[in-house]
Amino acid sequence: MESTPLRAIALVCTLNPSPARSSSQLLAEQTIEALAEHAVTGEVVRIADHDVRPGVTVDMGEGDAWPSIRNKILAADILVLSTPIWLGHPSSVAQRVMERLDGELSETDDEGRMLTYGKAAAVCVVGNEDGAHKVSADLFQGLNDVGFSLAPNAVTYWVGEAMQGTDYQDLDKTPDSVASATKALAANTAHLARHLRAAPYPVS
């Protein structure tokens, strides 16, 4: 079972559209690379490049880009959410993603389970000050509420020294602690996703 191919999608919630550089994008890409070591293929989607409308339903009408992104989430086994820290919170883009995922509460399979029940989720966080635990806690709760499962150590993060301006993407090399956390996230999340695929949750 540990070699069963899996799919992952990473949603990058930087405020800046491409081609602007992004630490959140870099850490998401590193996480996808780490997942590849566990037979997981994936892609990275930068939300700011798409017209994701505000709302709490799965489709907000003509021009809304969320339905196509949602289709990729539903086709994947693993969702990675990558966000910067702004004012001690996940970015407003990450919050919008969570609000759109709220629409999954009303979407179920033939047995009444949310369509996200068989999927694992993980989180990437970057910032220049402390707050990664708080931000990941916020996202963990929201992801769990809308049906995703979380493995142990399902977060990788980097925060710079307080009151300094260094970005993760500007480091000369990935710190060993971040690389180790990313490796653990990938191994545990891939393991959980395979078990969820093999043994779905029971009907409530």
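**Some details on the nonpolar core**
Consideration 1: Of all hydrophobic cores here, the largest spans 29 residues; its most connected members are Leu11, Ile73 and Leu101.
Consideration 2: Of all elements in the fold, only β1 (6-12), α2 (66-75), β3 (78-86), α3 (92-101), β5 (120-127) and α4 (132-145) reach the threshold of two or more residues within this core.
Consideration 3: Here this core gets five residues from one element, more than from any other, and that element is α3.
Consideration 4: For Leu11, the contacting residues outside a window of four places in its chain are Val45, Ile47, Trp66, Ile69, Ile73, Leu79, Val80, Leu81, Ser82 and Val97.

**Details of the packing of aromatic side chains**
Here the distance between the centres and the angle between the planes together describe a pair of aromatic rings.
Consideration 1: Across all of its chains, the model carries two aromatic pairs by this definition.
Consideration 2: Judged by centre distance (5.9 Å) and plane angle (80°), the rings of Tyr117 and Tyr201 are edge-to-face. In this pair, Tyr117 sits in the loop between α3 and β5 while Tyr201 sits in the segment after α5 (176-198), placing the two residues 84 residues apart along the sequence.
Consideration 3: Residues Trp158 and Tyr168 carry aromatic rings whose centres are separated by 5.8 Å and whose planes lie at 45° to one another, so their mutual orientation is tilted. You can see Trp158 sitting in strand β6 (residues 149-159) and its partner Tyr168 sitting in the loop between β6 and α5, a full ten residues away along the chain. Here Trp158 and Tyr168 have matching classes, each one buried.

**Observations concerning α5**
Consideration 1: Look at α5: 33 Å from first C-alpha to last across 23 residues, which is about the 33 Å you get at 1.5 Å a residue.
Consideration 2: Within the sequence span of α5, burial applies to Val178, Thr182, Leu185, Ala186, Thr189, Ala190, Leu192, Ala193, Arg194 and Leu196.
Consideration 3: Those residues of α5 that are buried lie in contact with β1, α1 (23-36), β2 (40-46), β3, β5 and β6.

**Overview of the pattern of salt bridges**
Consideration 1: This model, assessed by the stated rule, comprises eleven salt bridges.
Consideration 2: Among the ionic pairs, Glu43 bridges to Lys72, the shortest N-O distance being 3.4 Å. Of this pair, Glu43 sits in strand β2 while Lys72 sits in helix α2, and the two are 29 residues apart along the sequence.
Consideration 3: Judged by relative accessible area, which is 26%, Glu43 ranks as partly exposed.
Consideration 4: A salt bridge links Glu111 to Arg113, with the nearest nitrogen and oxygen atoms 2.4 Å apart.

**Comments concerning α3**
Consideration 1: Burial in α3 covers these residues: Val93, Ala94, Val97, Met98, Arg100 and Leu101. The arc that holds the buried residues of α3, viewed along the axis, is 160°, so those residues lie on one side.
Consideration 2: Buried residues along α3 sit in contact with β1, α2, β3, β4 (89-90) and α4.

**Quick word on the pairing of β3**
Consideration 1: Extensive coverage of β3 is indicated by the burial of eight of its nine residues.
Consideration 2: Bridging between β1 and β3 involves five bridges; their strand directions are parallel. Counted as the bridge partner of Ile9 is Leu79 from β3.
Consideration 3: Inspection of the sheet shows β3 paired to β5 by seven bridges, in the parallel sense. Bridged to Leu79 within β5 is Ala121.

**Some details on the layout of surface pockets**
Consideration 1: Empty space within the largest pocket amounts to approximately 410 Å³.
Consideration 2: As for the largest pocket, its lining consists of 21 residues, of which Pro84, Ile85, Trp86, Asn128 and Asp167 are closest to the centre.
Consideration 3: Contributing elements (two or more residues each) for the lining of the largest pocket: α1, β3 and β5.
Consideration 4: For the lining of the largest pocket, the leading source of residues is β3, giving three residues.
Consideration 5: A class-by-class count of the residues in the lining of the largest pocket yields eight nonpolar, nine polar and four charged.
Consideration 6: Reported here for the second largest pocket is a volume of approximately 190 Å³.
Consideration 7: Lining the second largest pocket are 13 residues; nearest its centre among them are Leu115, Tyr117, Gly118, Lys119 and Pro200.
Consideration 8: Taken together, the residues of the lining of the second largest pocket break down into seven nonpolar, one polar and five charged.

Thresholds applied
Residues numbered from 1 in each chain as written. Predicted model: local features only at pLDDT ≥ 70, side-chain atom pairs only at ≥ 80, totals over all residues. Heavy atoms only, no water. Core = buried A, V, L, I, M, F, W, Y, C linked by side-chain atoms within 4.5 Å. Buried < 20%, exposed > 50% of the residue type's maximum accessible area, 1.4 Å probe, protein only. Helix = DSSP H or I, 4+ residues; strand = E, 2+ residues; numbered from the N terminus. Contact = heavy atoms within 4.5 Å. Phe/Tyr/Trp six-rings, centres within 6.5 Å; stacked < 30°, edge-to-face > 60°. Expected span 1.5 Å × (residues − 1). Salt bridge = Lys/Arg side-chain N within 4 Å of Asp/Glu carboxyl O. Arc of directions from axis to C-beta. Pairing = 2+ DSSP bridges. 1 Å grid on protein atoms, 1.4 Å probe; cavity = no way out; pocket = protein on both sides within 12 Å on 5 of 7 lines; lining within 4 Å. Points joined across faces, edges and corners; volume = space filled by probe spheres on them. Nonpolar A, V, L, I, M, F, W, Y, C, P; charged D, E, K, R; others polar.

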